Amino acid sequence: MINKLLIVCILIFGCATAGADEDRDKTYRWEDAKGNVYYSDLPPPAGARNISTNRENREAPTPELPYELQLAVKKFPVTIYVTPDCGGPCDSASALLIGRGVPHTELDAMRPNVNEKLNVLTNGQPAVPLVEIGKIVVQGFEQGRWNAALDRAGYPRHAMISVTPNVPAADDVGDDDDDDSDDFDSDEFDAADDEAEFDDE
């Protein structure tokens, strides 16, 4: 009789310990009202949305963009316009974005629909490379001007993540009439106001 009671106690204790270990290893993922993603071993606060746990996903959570990058990408999405025969200037422009860890879309200006948009952006005088940072437009590659525009848009000076350009298929390239980026026109951006030197650390 005593042995049976002892076995029951051991089983109960083992189940309780296993449950505690599972709770301790649980990671919560949730989003706030602005869509920012958080991970924590504590239960999410009231009002959290899209709540899940790593136990539900059966894998560790995938790292999201650092918060600083989330804000910049949301307010000032980056698109670079290039052509296959652009050569050095386009290569240097792409290398700058990758070197700073800037998530960006790369569009081929030779495609008719892309070329049409490029003509609108440049008042009928298209030239590549061109970068569109939200509503900031910088035509032609000059490292200081591109760095200044990215700085003003809030992109970190040094890479926080590794990036590769997003190159959409031809059918996926179209006008983005739902652009919710900040109203920061290229006319407001004057590189002469940003003559600070950019070190290549």
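Nothing here was measured: the structure is a model prediction, and the numbers come from that model.

Procedures and definitions
- Note on numbering: residues in each chain are counted from 1, in written sequence order.
- Where totals are concerned, whole chains, interfaces and linings use all residues; where local detail is concerned, this predicted model gives features only for residues with pLDDT of at least 70, and gives and counts side-chain atom pairs only at 80 or more.
- Just so you know, side-chain values use all the structure's heavy atoms and leave hydrogens and water out.
- Here a strand is any run of E in DSSP of at least two residues, a helix any run of H or I of at least four, and the numbering for each starts at the N terminus.
- Note on classification: 1.4 Å probe, protein chains only; a residue is buried when its accessible area is under 20% of the maximum for its type, exposed when over 50%, partly exposed between these limits.
- As used in this record, nonpolar core signifies buried Ala, Val, Leu, Ile, Met, Phe, Trp, Tyr and Cys residues forming a set joined through side-chain atoms within 4.5 Å.
- By definition, residues are in contact when any of their heavy atoms lie within 4.5 Å.
- Helix axes use the C-alpha atoms of the stretch in contact, all axes being lines fitted to C-alpha atoms, and the angles between their N-to-C directions lie in the range 0 to 180 degrees.
- By convention the crossing between two helices is left-handed if the near helix lies anticlockwise of the far one by an angle smaller than a right angle, and right-handed if it lies clockwise.
- Under the scheme applied here, ten amino acids are nonpolar (Ala, Val, Leu, Ile, Met, Phe, Trp, Tyr, Cys and Pro), four are charged (Asp, Glu, Lys and Arg), and all others, including Gly, are polar.
- Under the pairing criterion, centres of Phe, Tyr and Trp rings, with the six-membered ring standing for Trp, must be within 6.5 Å; the plane angle then separates stacked pairs below 30 degrees from edge-to-face pairs above 60, leaving the rest tilted.
- Per residue, pLDDT measures the predictor's confidence, with a range of 0 to 100.
- An expected span of 1.5 Å times one less than the residue number is assigned to each helix.
- As used here, the arc is the angular range of directions from the helix axis to the C-beta atoms.

Following Val 128, the chain continues into Pro 129 via a peptide bond in cis, with omega recorded as 0°. Although it is not a glycine, Asn 123 adopts a positive phi angle of roughly 55°. Among the secondary structure elements, Asn 123 is positioned in the loop between helix H5 (112–121) and strand S6 (130–133). The exposure class assigned to Asn 123 is exposed, which follows from its relative accessible area of 71%.

What follows is about the nonpolar core. Core analysis: the largest hydrophobic core is formed by 21 residues, its most contacted members being Val 78, Leu 97, Ile 133, Trp 146, Leu 150 and Tyr 155. Looking at this core, the elements that each hand over two or more residues are helix H3 (67–75), strand S4 (78–82), helix H4 (88–99), S6, strand S7 (136–139) and helix H6 (143–152). Broken down by element, the residue count for this core peaks at four residues, all from H4. Beyond its immediate sequence surroundings of up to four residues, Leu 150 is in contact with Val 78, Leu 96, Leu 97, Arg 100, Val 102, Ile 133 and Tyr 155. In terms of nonpolar packing, the next biggest core, distinct from the first, is built from seven residues, Tyr 81, Leu 107, Leu 130 and Val 137 among them.

On to H6, then. All of the buried residues in H6 are Gly 144, Trp 146, Asn 147, Ala 148, Ala 149 and Leu 150. On its buried side, H6 packs onto S4, H4, S6 and S7. Of the residues one or two after H6, Gly 154 is the one with positive phi, at around 95°.

A few words on the packing of H4 against H6. Here H4 crosses H6 at 35°, and the two axes come no closer than 11 Å. As for how H4 packs across H6, the hand of that crossing is right-handed. For the pair H4 and H6, the contacting residues are Ala 93, Leu 96 and Leu 97 in the first and Gln 143, Trp 146, Asn 147 and Leu 150 in the second. When its residues are assigned to classes, the contact of H4 with H6 shows five nonpolar, two polar and no charged.

Our focus in this paragraph is the packing of aromatic side chains. As enumerated under the stated definition, the model contains one aromatic pair in all. Ring geometry for Phe 141 against Trp 146: centres 5.2 Å apart, planes inclined by 75°, an arrangement best described as edge-to-face. Using a relative accessible area of 1% as the deciding quantity, one classes Trp 146 as buried.

Let us now look at the confidence of the model for the chain. A residue-level look at the chain finds 63% of positions with pLDDT of 70 or above and a mean pLDDT of 76. Ignoring residues within four places in sequence, the model shows residues 175–179, a span with pLDDT below 50, making two contacts including any to other chains. Confidence drops under pLDDT 50 across residues 183–189; counting only partners more than four residues distant or on other chains, this segment forms 18 contacts.

Here we come to H4. Under the 1.5 Å per step criterion, the end-to-end length of H4 is 16 Å for 12 residues, consistent within 8% with the ideal 16 Å. For H4, the full list of buried residues reads Cys 90, Ala 93, Ser 94, Leu 96 and Leu 97. Each buried residue of H4 lies within a common arc of 155° when the element is viewed along its axis, so the set occupies one face. Tucked inside the fold, the buried residues of H4 contact S4, strand S5 (104–108) and H6.

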